[in-house]
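# Observations on the three-dimensional arrangement
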Amino acid sequence: MARPYSIYDVFTDAKLSGNPLAVIFDADGLDDGAMQAIAKEMNLSETVFVQTSTNTTHSAKLRIFTPGRELPFAGHPTVGTAIALAERTHGRDSDLDLVCVLEEAVGPVRCAVRLRQGEVGFAEFDLPKKSQRIDLALNRQGIVDALGVELTDIGFENHVASIWSAGVPFLMIPLHNLATVQDMEFDAPLWEKVAPFVEGALASAYVYCRGGVHHQAKFHARMFSPDMGIAEDPATGGAVAALSGAIHHFDGLPDGHHPLLIEQGVEMGRPSFIHLHIDVQEGAIAKARIGGQAIRLAEGIIEI
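Residues numbered from 1 in each chain as written. Predicted model: local features only at pLDDT ≥ 70, side-chain atom pairs only at ≥ 80, totals over all residues. Heavy atoms only, no water.

## Structural notes on the overall build of the protein chain
Let me state the cut-off plainly: Each helix is a run of H or I in the DSSP string that is no shorter than four residues. Each strand is a run of E no shorter than two, and both are numbered from the N terminus. In this description the radius of gyration comes from C-alpha coordinates, and the expected globular size is given by 2.2 Å times residues to the power 0.38. Think of it in three bands: residues with accessible area under 20% of the maximum for their type are buried, residues over 50% are exposed, and the middle band is partly exposed, with areas taken using a 1.4 Å probe on protein chains only. Whether two residues touch is decided by their heavy atoms; if any such pair falls within 4.5 Å, the residues are in contact. Only the protein chains shown count as cover for residues, and all accessible areas are computed by the Shrake-Rupley method using a 1.4 Å probe.
The secondary structure content of the protein chain amounts to six helices and 19 strands. In terms of overall dimensions, the protein chain is globule-like: its C-alpha atoms have a radius of gyration of 18 Å, near the 19 Å expected for 304 residues. Overall, the protein chain is about 55 × 40 × 35 Å in size when its C-alpha atoms are taken along their principal axes. Expressed as a percentage of the 304 residues in the protein chain, the buried residues total 57%. Restricting to contacts in the protein chain with at least 6 residues of sequence separation, those with at least 24 account for 63%. Counting only carbon and sulfur atoms, one obtains 48% of the accessible surface of the protein chain, whose full area is about 12,500 Å².

## Let's talk about the environment of L115
With respect to the element layout, L115 can be found in strand β7 (residues 107–115). Considered as a pair, L115 and L98 are 17 residues apart in the sequence and their alpha carbons are 8.7 Å apart. If near-sequence neighbours (up to four positions away) are discounted, L115 is found in contact with A86, E87, G91, S94, D95, L96 and G121.

## Some remarks on the packing of aromatic side chains
Two measures describe an aromatic ring pair: the distance that separates the ring centres and the angle between the ring planes. Defined as follows: Under the pairing criterion, centres of Phe, Tyr and Trp rings, with the six-membered ring standing for Trp, must be within 6.5 Å; the plane angle then separates stacked pairs below 30 degrees from edge-to-face pairs above 60, leaving the rest tilted. Sitting over a ring, as applied to charges here, requires NZ of Lys or CZ of Arg to be within 6 Å of the ring centre and within 35 degrees of the ring normal.
In total, this model carries nine aromatic pairs according to the counting rule given. With a centroid separation of 5.8 Å and 80 degrees between ring planes, the pair formed by F156 and Y208 is classed as edge-to-face. You can see F156 sitting in the loop between α3 (140–147) and β10 (162–165) and its partner Y208 sitting in strand β14 (residues 204–210), a full 52 residues away along the chain. The exposure class assigned to F156 is buried, which follows from its relative accessible area of 8%. Exposure remark for Y208: the relative accessible area of 0% places this residue in the buried category. Between F170 and Y206, the aromatic rings sit 6.5 Å apart at their centres with planes inclined by 65 degrees, giving edge-to-face as the arrangement. Residue F170 is located in strand β11 (residues 169–174), and its partner Y206 is located in strand β14; the two are separated by 36 residues in the primary sequence. There is no split in this pair, since F170 and Y206 are both buried. One aromatic cluster in this structure is built from F156, F170, Y206, Y208 and F219. In this structure, R88 packs its charged tip against the face of F25, placed 4.2 Å from the ring centre.

## Here we look at the nonpolar core
Buried together is how nonpolar side chains tend to be arranged in soluble globular proteins. Filter applied, for reference: Nonpolar cores were defined as sets of buried Ala, Val, Leu, Ile, Met, Phe, Trp, Tyr and Cys residues, with membership established by side-chain atoms within 4.5 Å.
Y206, Y208, I262 and I290 are the most contacted members of the largest nonpolar core, which totals 63 residues. Ranked by residue count, the leading element in this core is helix α6 (residues 237–251), at eight residues. Residue contacts for I290: discarding those within four places in its chain leaves F11, A123, E124, F125, L127, G237, V240, A241, I274, H275 and L276. Formed by 24 residues, the second largest nonpolar core is a distinct cluster that contains L147, A203, V207 and C209.

## Re unusual backbone geometry
Excluding glycine, residues mostly have negative phi values, and the peptide bonds linking residues are mostly trans. Although it is not a glycine, E199 sits at a positive phi angle of roughly 55 degrees. Assignment of secondary structure puts E199 in the loop between β12 (197–198) and β13 (201–202).

## As for the pairing of β10
Heads up, the rule is: When DSSP finds two or more bridges between two strands, those strands count as paired.
The side-chain alternation of β10 yields two buried faces, one formed by S162 and W164 and the other by I163 and S165. Sheet topology note: the strand β9 (residues 132–134)/β10 ladder contains three bridges and is antiparallel. Its bridge partner being in β10, I134 is matched across the sheet by I163. Bridge count for β10 against β11 is four bridges, and the pairing is antiparallel. Its bridge partner being in β11, W164 is matched across the sheet by F170. Connecting β10 to the next strand, β11, in antiparallel fashion are three residues, including G167 with a positive phi near 135 degrees.

Put into structure tokens, the structure is as follows:
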């Protein structure tokens with residue numbers, strides 16, 4: 001059966017930057033093994049399979065696969081698919097604002113999409129699950145050895161290494177400056193020996209510091225996930241969702257609205273810019289959302 005697909009570069013307004021995403025349309029009837037095999041064939045950070053939802057209030061059901069395994073939730077597939085579906089339905093040169101609900105394993109995800117003639121599409125979504133801290137013992141020396149840094153490089157201000165999850169868990173590792181993040185050398189085999197198992201899977205490494213190369217960036221990040229089959233990820237919306245809890249906790253965000261720009265993928269030559277908005281009420285996160293742009297690079301047919 002011929003199934004159409006598109007490749008989008010996500011969290012960017014320029015082709016061949018950001019995080020590439022394969023969107024497989026009309027994916028009803030594909031079993032888990034076939035979807036995992038296609039994702040491995042695509043060999044991108046994630047491949048999304050768009051299926052018909054049994055809930056008529058949802059625009060579509062999404063299955064999200066890395067080359068290594070399925071994910072219950074991910075940010076750049078959500079943003080990219082929301083824009084892809086809007087452009088497929090209404091045309092790339094439309095002027096419109098719309099709201100859709102995408103059904104993911106983590107739960108329904110509410111998305112807002114903005115299309116403008118002559119501009120790259122933009123989408124943002126409400127976090128379907130608030131970030132929560134997971135308290136597990138960490139092998140600090142093993143972690144720094146896997147990153148190729150020193151123990152004294154870990155941490156800045158109140159930020160310390162910790163595990164957070166907003167659907168997918170990440171080991172958040174703050175490093176004290178941009179140069180250290182850029183110069184670190186990730187050792188995947190060593191990481192697989194020292195990283196904790198969280199919710200049945202090996203924790204991914206999310207390394208971050210304050211500031212960035214872009215003058216508007218509040219945080220600079222890199223993400224490595226041997227367990228997902230990802231050597232390094234140009235942009236990780238699911239990790240930024242988890243990071244929202246760490247930022248609120250360690251920075252002690254006051255009540256109000258906090259817009260933050262996170263950059264990632266710079267070291268890979270694929271700069272990505274993720275918009276994170278955190279609303280704090282009575283000392284707790286009331287809601288948070290993640291947004292970004294996505295531009296179509298290619299389209300074709302999968303015959304399977």
